[in-house]
Amino acid sequence: MSKMDPITFDNDAASRDRNSTTLLGPRTLQHFEFDPRYRNLNHGSFGASPREIRKKLRQYQDLAEAMPDQFIRYEEPSFLNESREAVAKLLNASTENCVLVQNATTGVNTILRCILWNADCKDEIIYFNTIYGACGKTIDYIVDSSLGRVSSREIRLLYPCEDHEVVAAFKNAVGSSRKDGKRARICVFDTVSSLPAVRLPFEEITKACKEAGVQSLIDGAQGVGMIDIDLEALDPDFFVSNCHKWLYVPRSCAVFYCPIRNQKLITSTLPTSHGFIPKSGERYNPLPKANESPFVNNFQFVGTLDTSAYLCVKYAIEWREQVLGGEARILEYIQTLAREGGKKVAHILGTQVLNNKSGTMARCAMTNVALPLGQEEASQASQWITETMMADYKTFIPLFTHNDRLWARISAQVYLDIHDFEWAGHMLLDLCNRVKGGEHKLAYIST
């Protein structure tokens, strides 16, 4: 077996860091490899991985290059199981119910493409209008390619709204499906949606799914490492979450949770590979079988991919504990920073944060702040704003329209503090003033 040194840190420094409230913030930037000119206010899109974890990534890549067959066939499965075990423990789930895939979108695609839709053409996929775009298009593809066997039903949310209103909207959709002679088969919903960045009452929606006899597919792309998730208590039918975003695993890696009761439904990976067991009988598999579970074994090898990031999950979790002080400390810091930072930006812009009266929508590590632009200005200038903030200010903040208003989504992270949000507020105000001066129109005329 190839030897991998355990991840180690300066114990004295780590102890000091855990007891110091000053570590989290700009000082933590020393662990990341951002360009000094770049201010990362968009962790929610692509994540970032500390230097120490990326070193482990390269070590695994070197092992694969040194002895490809030895590593990929005989050693990598054991390392993969260690990472599965680590992330399962973090999520309070059984290891046998967790596998790793490339990203959350891959997980959602795998699930929806494996479901066998009924021939009576009554099945429906329920989803919210705030669904992540790629997952929404996945539902569109499933509907378009199903020869009429399945349709979709959108639940429209108009924020701000309270959690009980979201759950009621789901129940109403299921009722409407039945009245229309349809069958709500599965509901796709987020832990924290992307645009807008809003924490959904996913626990209550999961419970409502059980009560209605609807399968729950939770897209937790913005999940593990940002909010508390207890899969034992939650007990969804399916759950996926990116590890390369908030958990600091290198790109790209996601955990896919499927309880034993549903594993027989997931017959194929995406793409189909050696672990697939056809009804006509098993074909020859040139790879050693490392797991007794057909579900786990199916995801052990999915074509020749660089899965080194998968093997770094356990190290990322250890690093968060040893260097940053553990999950509770990280989550408290980033969620508090998002909440207070959003208020700061809104004050500078003279606008508002997207939240409900109970404050539940914003219980995450991203915040949505309205821009001081009219509807026509916003529609004309949003692309110019994002391009200009990257070119002139060396940062990026996603913009989106909701309820006929342009909003900015800003991510909090351990390497940022309130001063970064203050800077972001003044930067956005400057850009909006440039729009009001017509600069965006001049830019398009010049091109």
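Everything below is about the structure printed above this text.
From a predicted model like this one, the values you see are computed outputs, not experimental measurements.

Q: Give a detailed account of the packing of helix H3 (residues 51-66) against helix H12 (residues 313-324), specifying residues and quantitative values.
A: With their axes 10 Å apart at the nearest point, H3 and H12 run at an angle of 160° to one another. Compared by their axis directions, H3 and H12 come out roughly antiparallel. Pair H3 / H12 crosses with right-handed handedness. The segment H3 lies against H12, with Glu-52, Ile-53, Lys-56 and Tyr-60 engaging Lys-314, Tyr-315, Ala-316 and Trp-319. Tallied by class, residues from the contact of H3 with H12 come to five nonpolar, no polar and three charged.

Q: I'd like a description of unusual backbone geometry, backed by residues and values.
A: Here the residue pair Tyr-159 and Pro-160 is connected by a cis peptide bond, since its omega of 5° sits within 30 degrees of zero. Mapped onto the elements of the fold, Pro-160 is located in the loop between strand S3 (150-155) and helix H7 (163-179). Although it is not a glycine, Leu-147 adopts a positive phi angle of roughly 60°. With respect to the helices and strands, Leu-147 occurs in the loop between helix H6 (133-145) and S3. Within the chain, Asp-235 stands out as a residue other than glycine whose phi angle is a positive 50°. Tracing the sequence through the fold places Asp-235 in the loop between helix H9 (231-234) and strand S6 (238-242). Under the relative-accessibility criterion, Asp-235 is labelled partly exposed at 25%.

Q: Residues and numbers for the pairing of strand S2 (residues 123-128), please.
A: Burial analysis of S2 places six of its six residues in the buried class, the great majority of the element. Burial along S2 is two-sided: the face carrying Asp-123, Ile-125 and Tyr-127 and the face carrying Glu-124, Ile-126 and Phe-128 are both buried. The parallel pair S2 and S3 is bridged by H6, and the resulting crossover is right-handed. The sheet contact formed by S2 and strand S4 (residues 183-190) spans five bridges and is parallel. Residue Tyr-127 lies in a different strand from S4, and its bridge partner there is Val-188.

Q: Could you give an account of H3, naming the residues involved and the relevant values?
A: Taking 1.5 Å of rise per residue, the 16 residues of H3 would be expected to cover 22 Å, and the 22 Å separating its terminal C-alpha atoms lies within 8% of that figure. Among all positions of H3, only Ile-53, Lys-56, Leu-57, Tyr-60, Leu-63 and Ala-64 are buried. Considered in projection along H3, the buried side chains sweep an arc of 120° and stay on one side of the axis. In H3, the exposed positions angled more than 90 degrees off the buried face are occupied by Asp-62, Glu-65 and Ala-66.

Q: Can you break down the sheet that holds S6 residue by residue, with the values?
A: Pairing within the open sheet is mixed, and its seven strands lie in the order S1-S7-S6-S5-S4-S2-S3. Two strands close off the open sheet at either side, each with one partner strand: strand S1 (98-101) and S3. Shown here is a sheet whose adjacent strand axes are inclined to one another by a mean of 20°, direction ignored. Two elements, strand S5 (residues 215-219) and S6, share three bridges in a ladder whose sense is parallel. Counted as the bridge partner of Asp-219 is Val-240 from S6. Packing of helix H5 (residues 104-114) onto the sheet brings it into contact with S1, S4, S5, S6 and strand S7 (254-257), and relative to S6 it is tilted by some 160°.

Conventions used here
- Residues numbered from 1 in each chain as written.
- Predicted model: local features only at pLDDT ≥ 70, side-chain atom pairs only at ≥ 80, totals over all residues.
- Heavy atoms only, no water.
- Axes fitted to C-alpha atoms, helices over the stretch in contact; angles between N-to-C directions.
- Helix = DSSP H or I, 4+ residues; strand = E, 2+ residues; numbered from the N terminus.
- Parallel < 35°, antiparallel > 145°, perpendicular 65-115°, else oblique.
- Left-handed = near helix turned anticlockwise from the far one by under 90°.
- Contact = heavy atoms within 4.5 Å.
- Nonpolar A, V, L, I, M, F, W, Y, C, P; charged D, E, K, R; others polar.
- Buried < 20%, exposed > 50% of the residue type's maximum accessible area, 1.4 Å probe, protein only.
- Right-handed = clockwise from strand over helix to strand, strands pointing away.
- Pairing = 2+ DSSP bridges.
- Expected span 1.5 Å × (residues − 1).
- Arc of directions from axis to C-beta.

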